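Geometric and topological summary
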Amino acid sequence: MIHRECGVLKTTYEADMGLYPLPIAKWTVAALGVLFVVVIPLSLHEYYLSVANLVWIAVIGALGLNILVGYTGQVSIGHGAFMSVGAYTAANLANRLGSPWPVNLLAGGLMAALIGAIVGIPSLRIKGLYLAIATLAGQLIIEWTINHVTFISGGVQASIEVARPRLGPMVLSSQRDMYYFLLVFVVLGIAGTMNLMRTRVGRAFIAIRDHDIAAEIIGINIFRYKLLAFAISSFYAGVTGVLYTYFLGIANYEQFQIGVSIDYLAMIIIGGLGSVLGSIFGAIFVTLLPIVIRYAMEAFGGIFFAPQTVLNLIPNLRLMLFGALIIFFLIVEPEGLNRLWRNIRSYFRVWPFAY
Amino acid sequence: MSDDLSFFFLLMSNGLLIGLMYSLIALGFVLVYKATDAINFAQGEFVMIAGFVTAGALMVWGAPLWVAVALALVSLVAFGFVLERVMLRRLIGRPVIAVVMATIGLAAILRGVGPFVIFSGTKPLPLPIRDEPFMLGPIFIPPIQLLGAGVSLAFLAGFGWFFLKSRKGIAMRAVADNQQVAMAMGIDVERYFGVAWAMTGVVSALGGILWGNLLGVDVNLALVGFKVFPVVILGGLDSIPGAIIGGLIVGVVENIAAGYVDPYVGGGTKDFAPYVLMILALMIRPYGIFGKRIIERV
Amino acid sequence: MKQFLAIATALVLAAGSLLTAAPSHAQAKGDVVIGLQCDRTGPTQIVGTVLCPGFHDYIALINSKGGVEGRQIKALEIDHEYKVPPGIEAYERHKKEGAVTMAVYGTPHIYAMAAKLTEDRIPGTSPGFGSAAAADGIRYPYIFPIAATYWSQGAAAVDFVKKQLGGSLKGKKIAFIFYDNPAGREPIEVLEDLSALEGFQLKTFAVPPPGVEMGAQVLDIAQRYRADFVIGHLFGGAPSVSIKEFKRVGYPLRKFVSFVWGAGEANIEGAGGFAVAEGYYVMQFAGVGTDYPVLNEIREMYKKQGKPAPKEMASTVFYNRGVLIAALHVEAIRNALKAKPDGKITGEDTKKGFEKISNFTLGGLVPPLKVTPTDHEGGGLVQIWQVKGGKFEKVTDWFAAYQDVVAKHIKEAGAKK
């Protein structure tokens, strides 16, 4: 994290593998907790909270995709579809059975995990580009199915309204309520991913990524772990889809099309593959980039251009900048924002005596 | 001939002709993969930008057709070279996902550049060929598709000769086969990467002109890129005849699906059927019909 | 390393300062704010890049004439690239800036915002897209289609076809070629009802996305099914493709009527120009052409500023729709301000303002809508135009058809949940 680690000597493996690398890290986490639980939601305008909520949703999805792409080294261009699987499962349960949101959330996640594992089956025989295209096919086939099977989609409009989540007598509808609601799952998602990577399963994922044949030789059942990676990753995606559905009050498959899959891939690549912090940075970056560009153009664009040109410039600039940044990060900083952050940190580690 | 039979022939001929138009786009994809192992997810955008350049030259600047076509060819070839130098060379040896993502980023840039820099809105791309089809018994043959098929087959023949007989083509195959050994043999590997991207530029330029004529030119032209994946997987990623055969298969399957499956399903299975077929193909024969059999098994 | 640090800090600071220093001019100057969502870069950009300037020009015109009841209007545009999360952000930003009405853009977006609009009590419009069931003002109090929905368009199309085929549809064959997504499939249920009612044969032909090729479907319509008339409901680049394909198989375009999103100049241009599309019928929910008083005033306004009229005006179909949408929002605000002399209007007031719109035609550009608290569609009026001699020519005046059938479907949809 952000502390000086001078003088801390670890003497056991347990200490070295601890979630908190330093005793003081606990305090940092606590401070962050206060910031995110108290300061931000109580001081900021609803609008900023709505942006934060979009970021939270993106963080969970990016964490999940990173488990698959970053940690296990499998490619998926079908994550948007897994989200829609979660969304429609939850929406159907909520409307047909009237089940409460925790049940729907879990069911949505599990259904997405199942579908994800099925789509992941080709990964047992193929990898790289072939797998990417197979998951793309998965995306299109899932979209098609939802679009055409009215039992799933709930009618030609393929959108199912869902009541807001309730917590006892409270209905969570304002952006502030949603902020807390989503924050819980973000924390769970982060803790879950960090812990997963410290278990046998997580280590197996990394081994498969680094060298699949070697992994098999040391006794990792590739068949099982690859599907498990797809399942866990899709579980996250499914949960993202369910949260999204509750956030909007409606499940609609057009919100989970191929562009979404690509946006999430961009998040983890810009943020940093195979890193929890990277997923978070990436989700923040990709969500905020268009907003920051727009604010900047609104503030300064009028100096250089006519108002109508500015309006046309903003979206085009955003599109080009988005593409350019992806390429920039891939070429210049392949490990993404996470690496940038580590560089900054290691610079300050010895600061001001940088020699 | 009964109505049903003649309709069947109509579907088949339409499928074969449109399939060759798909091949034209797939060829660009295959060329790059064959020579440089890179995957171009921006193939549709290459085609789109070629359409933009040609239609811009024709309709906005009022240039004659041959100038517009030449301009499209020159600018796409130059673009291919520059792209290789600036972006792809730096990504050599990086995981698949890096190149995939870089080309997706490139696609976003091109989608911004086309309408913002060249022209906004939709423009036609008129070619001096007539719209009315040739009649061959009960079968229609639209001239533009005939031209597209001709160009595809010409490319097949041209590239076939190039890779089998010409010195450059053989060098390029050597590069594709094993970059290190090729380098040791004194082949300038990076130069051939540039050449491969430039060749893709040529194919994309012609693809853009033909598809631009068919669809009109705006960002939606880039959507033809989605047709590429089933074509190349079915045909084999690194095979030029495979791109042609894959295109034909996809064209025919699409038409059969639309003509005989849609009425029973009540939805469009046309763009979905090739992907299902592709998944099956991946399971049975992952390297495609003509692809090299060195796909890594895991 | 140091550069990275500097850049990173600068970026963080810039972002932070921008986010916190976001000004809210609107309330300060007493402007009335309209939240305008737009798509200038996404898949529907050929519409957005023309429609949104039309919206702004009308607002500028109103402001140059002294505003509405002495208040200036501010249309805050946010582009969402036809993606939903940026659309949500746009909505919340508009809300923060105090928008009293939202011009939503995109079918998935109006769905995504439906719950929020109702909770926040801000009216949102979905002219010509979105859910047809939203015409029900009781079920969806804050959603205003304010133009013919896909159900009304389907009904109007059948009525038009009936007239074209000599007054009776008994035993005729009608083909419906549609984009295979929820918006594309929406009219089918109404068409099926009408086919039972009028005794015509209906066959549907799906064009799945991306819709760059539809040879098989068109061949089927022309050669196997041999339709007497075709109704088209396509989006994006697909209408242009359909025109070309029908032309290619020799099917006469004067037996084809397109829904509103295949009806623009851009769709005709994409097919190769007006000469190619001769005979093609299109359905419109706003007047077409340059010959309307309000457009003359906009040109006049530009002239006074010493500027040429914007090039978007040449694409009259989508531009005029932008003007129509802006005008209806302004009209709702006018009604709201009239009802509240203190000028402190909220979303609820503009909602009531929308529900008072009637007899507002802007010299023929806007259909004579009658929006009521129960009917948010305003009558389902359309005009049919035809490509003739290089331009669109008006074939019918404003009309609506089979509104009883449409009403039945709206009622059923409302009862479902």
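If you're wondering where the values come from, they're calculated on a predicted model, not measured in any experiment.

To continue, consider the overall build of chain C. From N to C terminus, chain C includes 15 helices and 12 strands. Taking 22 Å as the expected radius of gyration for a compact globule of 417 residues, we find that chain C reaches 22 Å, a close match to that expectation. Each principal axis of the C-alpha distribution contributes one length, and for chain C these read about 70 × 60 × 50 Å. Expressed as a percentage of its 417 residues, the buried residues of chain C come to 64%. Long-range contacts, defined here as pairs at least 24 residues apart, represent 71% of the contacts in chain C between residues at least 6 apart.

All names here are of chain A. Under the 1.5 Å per step criterion, the end-to-end length of helix H3 (residues 46–71) is 35 Å for 26 residues, consistent within 8% with the ideal 38 Å. The largest bend along H3 reaches roughly 35° and is located at Leu65. Taken from the residues just after H3, Gly73 is the one with a positive phi, measuring 75°.

Glancing now at the pairing of strand E8 (residues 229–233) of chain C. Residues and elements named next belong to chain C. Counted residue by residue, E8 has five buried out of five residues, so it is predominantly covered. Burial along E8 is two-sided: Phe229, Ile231 and His233 and Val230 and Gly232, pointing in opposite directions, are all buried. The sheet contact formed by strand E6 (residues 173–179) and E8 spans five bridges and is parallel. The partner of Phe178 across the bridge, within E8, is His233. As paired elements, E8 and strand E9 (residues 256–258) share three bridges and run parallel to each other. Across the sheet, the residue bridging to Gly232 is Ser258, located in E9. This β-α-β element, E8 to helix H10 (residues 238–248) to E9, shows right-handed connectivity.

Listed as interface residues are 36 residues of chain C and, on the opposing side, 37 residues of chain B. Mapped by element, the contributors of at least two residues to the side of chain C that touches chain B are helix H3 (45–64), strand E7 (201–207), helix H9 (215–225), H10 and helix H11 (265–270) of chain C. Take the side of chain C that touches chain B: its biggest share by element is seven residues, from H9 of chain C. When the residues that make up the side of chain C that touches chain B are grouped by side-chain class, the tally is 15 nonpolar, 13 polar and eight charged.

What follows deals with the domain arrangement of chain C. Residues and elements named next belong to chain C. We note that the domain assignment places domain 1 (23–148 + 290–364) and domain 2 (150–284 + 382–401) within chain C. With centres defined by C-alpha atoms, the gap from domain 1 to domain 2 works out at 29 Å. Among the elements of the structure, H3 and helix H13 (316–339) are those that each provide at least two residues to the side of domain 1 that touches domain 2. Ranked by residues supplied to the side of domain 1 that touches domain 2, first place goes to H13 with three residues. In terms of residue class, the side of domain 1 that touches domain 2 is built from eight nonpolar, five polar and no charged.

Rules used throughout
Residues numbered from 1 in each chain as written. Chains lettered and ligands numbered in written order. Predicted model: local features only at pLDDT ≥ 70, side-chain atom pairs only at ≥ 80, totals over all residues. Helix = DSSP H or I, 4+ residues; strand = E, 2+ residues; numbered from the N terminus. Rg over C-alpha atoms; globule rule 2.2 N^0.38 Å. Buried ≥ 20, exposed ≤ 12 C-beta atoms within 10 Å, placed from the backbone. Contact = placed C-beta atoms within 7 Å. Expected span 1.5 Å × (residues − 1). Bend = angle between axes of the 7 residues up to and from the residue. Pairing = 2+ DSSP bridges. Right-handed = clockwise from strand over helix to strand, strands pointing away. Nonpolar A, V, L, I, M, F, W, Y, C, P; charged D, E, K, R; others polar. Domains from an automatic or database assignment.

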